[in-house]
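A closer look at the structure
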Amino acid sequence: MQLVLKIAILVLSLVLVVLVLLHRGKGGGLSSLFGGGVQSSLSGSSVVEKNLDRVTIFVGIIWTVCIVGVTLSIKLTT
């Protein structure tokens, strides 16, 4: 069980990184300090952005559950 959860954590971590990188920058971050914040998009989020947000949150929750599962399985075996 522990091996399955560890593999799931690895796969979900990679998917989470890709999903976060797919998001469009909202500005005001560290990149705007160095001139990256010139872009001005005041339009609302599209359906694709909202769905991407939902998928990212869902994958993050599953990732967290897997982390807790591995931790509990380690605690129970020792």
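All chains use their own residue numbering, which begins from 1 and follows the written sequence. Local features in a predicted model are, by the rule used here, given only for residues with pLDDT of at least 70; side-chain atom pairs are given and counted only at 80 or more, and totals for whole chains, interfaces and linings are based on all residues. Excluding hydrogens and water, the side-chain values take into account all heavy atoms of the structure.

Considering a nonpolar patch on the surface
Taken together, Leu3, Ile7, Val11 and Val15 make up a surface patch of nonpolar side chains, about 360 Å² in accessible area. Looking at the element boundaries, Leu3 is found in helix H1 (residues 2-22). Within the patch definition used here, like charges are joined within 9 Å and nonpolar side chains (Val, Leu, Ile, Met, Phe, Trp, Tyr) within 5 Å, considering only residues with over 30% relative accessible area and no salt bridge. Per-residue accessibility takes into account occlusion by the displayed protein chains alone, with areas from the Shrake-Rupley method and a 1.4 Å probe. Think of a salt bridge as a Lys or Arg side-chain nitrogen and an Asp or Glu carboxyl oxygen that are within 4 Å of each other. Numbering of helices and strands runs from the N terminus; a helix is a DSSP stretch of H or I covering at least four residues, while a strand is a stretch of E covering at least two.

Some points on the packing of H1 against helix H3 (residues 47-77)
Lines fitted to the C-alpha atoms define the axes, with helices restricted to the stretch that makes contact. Angles between their N-to-C directions range from 0 to 180 degrees. In contact at an axis separation of 9 Å, H1 and H3 are set at 155° when each is read in the N-to-C sense. As the angle between them shows, H1 and H3 are arranged roughly antiparallel. Along this stretch, H1 crosses H3, giving a crossing that reads as left-handed. Each residue is assigned to one of three groups, with Ala, Val, Leu, Ile, Met, Phe, Trp, Tyr, Cys and Pro labelled nonpolar, Asp, Glu, Lys and Arg labelled charged, and all others, Gly among them, labelled polar. The residue makeup of the contact of H1 with H3, split by class, is 18 nonpolar, six polar and one charged. We call two directions roughly parallel when the angle between them is under 35 degrees, roughly antiparallel when it is over 145, roughly perpendicular when it lies between 65 and 115, and oblique otherwise. Take the far helix as the reference: if the near one is turned anticlockwise from it by less than a right angle, the crossing is left-handed, and if turned clockwise, right-handed.

Some remarks on H1
One fewer than the residue count of a helix, multiplied by 1.5 Å, yields its expected span. For H1, spanning 21 residues, the distance from its first C-alpha to its last is 30 Å, which sits close to the expected 30 Å at 1.5 Å a residue. Only protein chains enter the accessibility calculation, which uses a 1.4 Å probe; a residue is then buried when its area is under 20% of its type maximum, exposed when over 50%, and partly exposed in between. Turning to H1, its buried residues number three or more, namely Leu5, Ile9, Leu12, Leu16 and Leu19. Buried residues along H1 cover an arc of 100° about the axis, so they all sit on one side. Among the exposed residues of H1, those pointing more than 90 degrees away from its buried face are Leu3, Leu10, Leu14 and Leu21. In this structure, the buried side of H1 is in contact with H3. This arc corresponds to the set of directions leading from the helix axis out to the C-beta atoms. Residues are treated as being in contact if the distance between any of their heavy atoms lies within 4.5 Å.

Section: the nonpolar core
Membership of the largest hydrophobic core is limited to nine residues, which are Leu5, Ile9, Leu12, Leu16, Leu19, Leu52, Val59, Cys66 and Val70. Elements represented by at least two residues in this core include exactly H1 and H3. At five residues, H1 tops the list of elements feeding residues into this core. Excluding its chain neighbours within four sequence positions, the residues that come into contact with Leu16 are Thr56, Val59 and Gly60. Definition of nonpolar core: a set of buried residues of the types Ala, Val, Leu, Ile, Met, Phe, Trp, Tyr and Cys, connected through side-chain atoms within 4.5 Å.

Focus on the side chain of Ser73
Looking at the secondary structure, you find Ser73 in helix H3. In protein, a polar contact requires one atom able to donate a hydrogen and another able to accept it; more generally it is a pair of N or O atoms within 3.5 Å, and residues adjacent in sequence count only if both atoms are side-chain atoms. At 2.9 Å, the side chain of Ser73 forms a polar contact with the backbone oxygen of Val70.

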